[in-house]
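# Remarks on the overall topology
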Amino acid sequence: MEFISQFVRLASRRATAISPILQRNRSRIIRKQFLTDRQAYSTMDTTIHSAGIAEIHQVPMSVIQRPIPSVLDEKKVESLMETIKGETSEDEVPPIDLLWISGSEGGDYYFSFGGCHRFEAYKRLQRESIKAKLVRSTLGDLYHYMGSSAPKYLA
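Residues numbered from 1 in each chain as written. Predicted model: local features only at pLDDT ≥ 70, side-chain atom pairs only at ≥ 80, totals over all residues. Heavy atoms only, no water.

If you look the protein chain up in an unreviewed UniProt entry, it shows as sulfiredoxin from Drosophila rhopaloa. Here the protein chain is described in UniProt, under the heading Catalytic activity (unreviewed entry), as follows: "S-hydroxy-S-oxy-L-cysteinyl-[peroxiredoxin] + [protein]-dithiol + ATP = S-hydroxy-L-cysteinyl-[peroxiredoxin] + [protein]-disulfide + ADP + phosphate". In its Sequence similarities (unreviewed entry) section, the UniProt entry covering the protein chain states "Belongs to the sulfiredoxin family." (UniProt positions renumbered as here; feature names shortened; annotations may be inferred.)

Strand pairs in the sheet, formed through backbone hydrogen bonds, run parallel or antiparallel to each other. One open sheet accounts for five strands, arranged 1-5-3-4-2; its pairing is mixed. Only two strands of the sheet have a single partner each, and these edge strands are strand 1 (57-60) and strand 2 (64-65). Packing of helix 4 (residues 116-124) onto the sheet brings it into contact with strand 2, strand 3 (96-102) and strand 5 (129-136), and relative to strand 5 it is tilted by some 145 degrees. (Pairing = 2+ DSSP bridges. Helix = DSSP H or I, 4+ residues; strand = E, 2+ residues; numbered from the N terminus. Contact = heavy atoms within 4.5 Å. Axes fitted to C-alpha atoms, helices over the stretch in contact; angles between N-to-C directions.)

Take the confidence of the model for the protein chain next. The predicted model of the protein chain averages 75 in pLDDT, with 68% of residues at 70 or higher. Per-residue pLDDT, averaged within each element of the protein chain, yields its smallest value for helix 2 (residues 20-40) (37) and its largest for helix 4 (97). Below a pLDDT of 50 lies the segment residues 1-43, which in the model reaches six contacts outside its immediate sequence neighbourhood of four places, other chains included. (pLDDT = per-residue confidence, 0-100.)

This part takes up the environment of Ala-54. Among the structural elements, Ala-54 can be located in the loop between helix 2 and strand 1. We classify Ala-54 as exposed; its relative accessible area is 71%. In this structure the C-alpha to C-alpha distance between Ala-54 and Leu-134, which are 80 residues apart in sequence, comes to 9.7 Å. (Buried < 20%, exposed > 50% of the residue type's maximum accessible area, 1.4 Å probe, protein only.)

Closest axis-to-axis distance for the helix 3 (residues 74-85)/helix 4 pair is 9 Å, and the angle between their directions is 60 degrees. As judged from the angle between their axes, helix 3 and helix 4 are oblique. As helix 3 packs across helix 4, the resulting crossing turns out to be right-handed. Within the contact between the two elements, helix 3 uses Glu-74, Lys-76, Val-77, Leu-80, Met-81 and Ile-84 and helix 4 uses His-117, Arg-118, Glu-120, Ala-121, Tyr-122 and Arg-124. Partitioned by chemical class, the residues of the contact of helix 3 with helix 4 number six nonpolar, one polar and five charged. (Parallel < 35°, antiparallel > 145°, perpendicular 65-115°, else oblique. Left-handed = near helix turned anticlockwise from the far one by under 90°. Nonpolar A, V, L, I, M, F, W, Y, C, P; charged D, E, K, R; others polar.)

Encoded structure:
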């Protein structure tokens with residue numbers, strides 16, 4: 001523990017070494033940036049994959065493939081189910097991201113790697129569709145996630 005606390009002390013000394021003028025300007029910039037971002041969109045609705053995508057679709061649950069088994073926190077799933085059940089509070093649940101890949105011989109394929117708690121909550125509530133942002137992807141992108149386990153029928 002002493003080893004780790006040594007780094008914490010060093011980091012805190014560096015932070016206090018910033019001149020007061022820089023600290024004031026820095027906090028103003030961060031605060032302004034936060035307010036601007038907050039006004040533009042909720043950080044809950046955005047991931048690195050879908051940051052530039054505004055369109056939200058209702059995607060049928062039956063077409064979504066989840067190739068990696070989920071590790072779930074039951075309390076989180078139950079909490080999401082309660083939120084989704086409420087007509088006004090369902091809007092508080094952000095959309096999931098789906099990799100949207102067109103097969104070489106036609107057909108659209110939708111893969112989900114995140115949003116496992118949201119997906120499970122909608123599934124348990126027997127909803128036919130889920131809110132999603134479609135991230136246009138390639139087979140190469142899918143290989144990054146799945147390696148040689150990627151489905152061969154897409155090639």
